[in-house]
Amino acid sequence: MNLPALTGIISIIFGVIYGIQAYNLPRANVGNPIAPILFPLLLSVFMIICGIVLFIKETGKKEAVKEKKQDAKKGMTHSTKLIIFTCVASLIYALVFEGLGYVLSTILFIGSILFALNGKQNWKVNMIVAVCFSVGIYFIFMKLLAIPLPMLPILEI
């Protein structure tokens, strides 16, 4: 049995145990008596469904596992390189976040991740997504939620 299939089984077991514990939570005395347990129950159902989907998906992938083992013997796979790149990019993002501000550092971070995933040929789409996401989230947090984010750096002359 491979690791993702085992993860699916553990997710199912954890979801069932979590669901039982959520069902045993005390009921509310005022208002809807089931309201305090509704979200935990939905969460447990979601965990069980995800576990079942993961288990079913991974048990049918025996050929893919053999190919991955052969690729692992050759060297680092593309997925491994992406994981390492994402970790390094996240570390750099955390280090420059305060100095560059939210918008600029997030544009650079999301842009670099999209370039790694989509390649250079889609540079227009990558940049549009990075800029729109960064500015959109900045607007949502600053204007709609009134949660301040670090602004753009102020250039001192």
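See above for the structure.
Just so you know, the residues in each chain are numbered from 1, in the order the chain's sequence is written. This being a predicted model, a pLDDT of at least 70 is required before a residue's local features are given, and a value of 80 or more before pairs of side-chain atoms are given or counted; all residues contribute to the totals for chains, interfaces and linings. Excluded from the side-chain calculation are hydrogens and water; included are all heavy atoms of the structure.

How would you sum up the overall build of the chain? Please name residues and give values.
Secondary structure counts use DSSP, requiring at least four H or I residues in a row for a helix and at least two E residues in a row for a strand, with both numbered from the N terminus. Secondary structure assignment for the chain yields six helices and zero strands. The N-to-C order of helical and strand elements in the chain reads α-α-α-α-α-α. Going through the 157 residues of the chain one by one, you find that 19% of them count as buried. Any two residues whose heavy atoms approach within 4.5 Å at even a single point are treated as in contact. Pairs at least 24 residues apart make up 55% of the contacts formed inside the chain by residues separated by at least 6 positions. Accessible area of the chain: about 11,800 Å², with a carbon and sulfur share of 74%. Residue burial is assigned from relative accessible area. The probe radius is 1.4 Å, only protein chains are included, and a residue is buried under 20% of its type maximum, exposed over 50%, and partly exposed in between. Under the convention used here, a 1.4 Å probe and the Shrake-Rupley method define accessible areas, while residue burial counts only the protein chains that appear.

Account for the packing of aromatic side chains, naming residues and giving values.
For Phe, Tyr and Trp, where Trp contributes only its six-membered ring, two rings pair if their centres lie within 6.5 Å, and the inter-plane angle classes them as stacked under 30 degrees, edge-to-face over 60, or tilted in between. This model, assessed by the stated rule, comprises five aromatic pairs. Relative to Phe97, the ring of Tyr93 lies with its centre 5.6 Å away and its plane at 75 degrees, an arrangement referred to as edge-to-face. One end of the pair, Tyr93, and the other, Phe97, are both in helix α4 (residues 78–100), four residues apart, so they sit about a helical turn from each other. Taking relative accessible area as the criterion, Phe97 reaches 22% and is therefore assigned partly exposed. Its relative accessible area of 19% is what places Tyr93 among the buried residues. Within the aromatic cluster, the residues linked to one another by ring pairs are Tyr93, Phe97, Tyr102, Phe109 and Tyr138.

So, the side chain of Ser105: which residues are in play, and what are the values?
Mapped onto the secondary structure, Ser105 falls in helix α5 (residues 102–118). Exposure remark for Ser105: the relative accessible area of 2% places this residue in the buried category. We define a polar contact as two N or O atoms separated by no more than 3.5 Å, with the added condition that, inside protein, one atom must be a possible hydrogen donor and the other a possible acceptor, whereas residues neighbouring each other in sequence contribute only through side-chain atom pairs. Engagement of the side chain of Ser105 in a polar contact is seen with the backbone oxygen of Gly101, the distance being 2.5 Å. Of note is the side chain of Ser105, whose polar atom sits 3.3 Å from the backbone oxygen of Tyr102.

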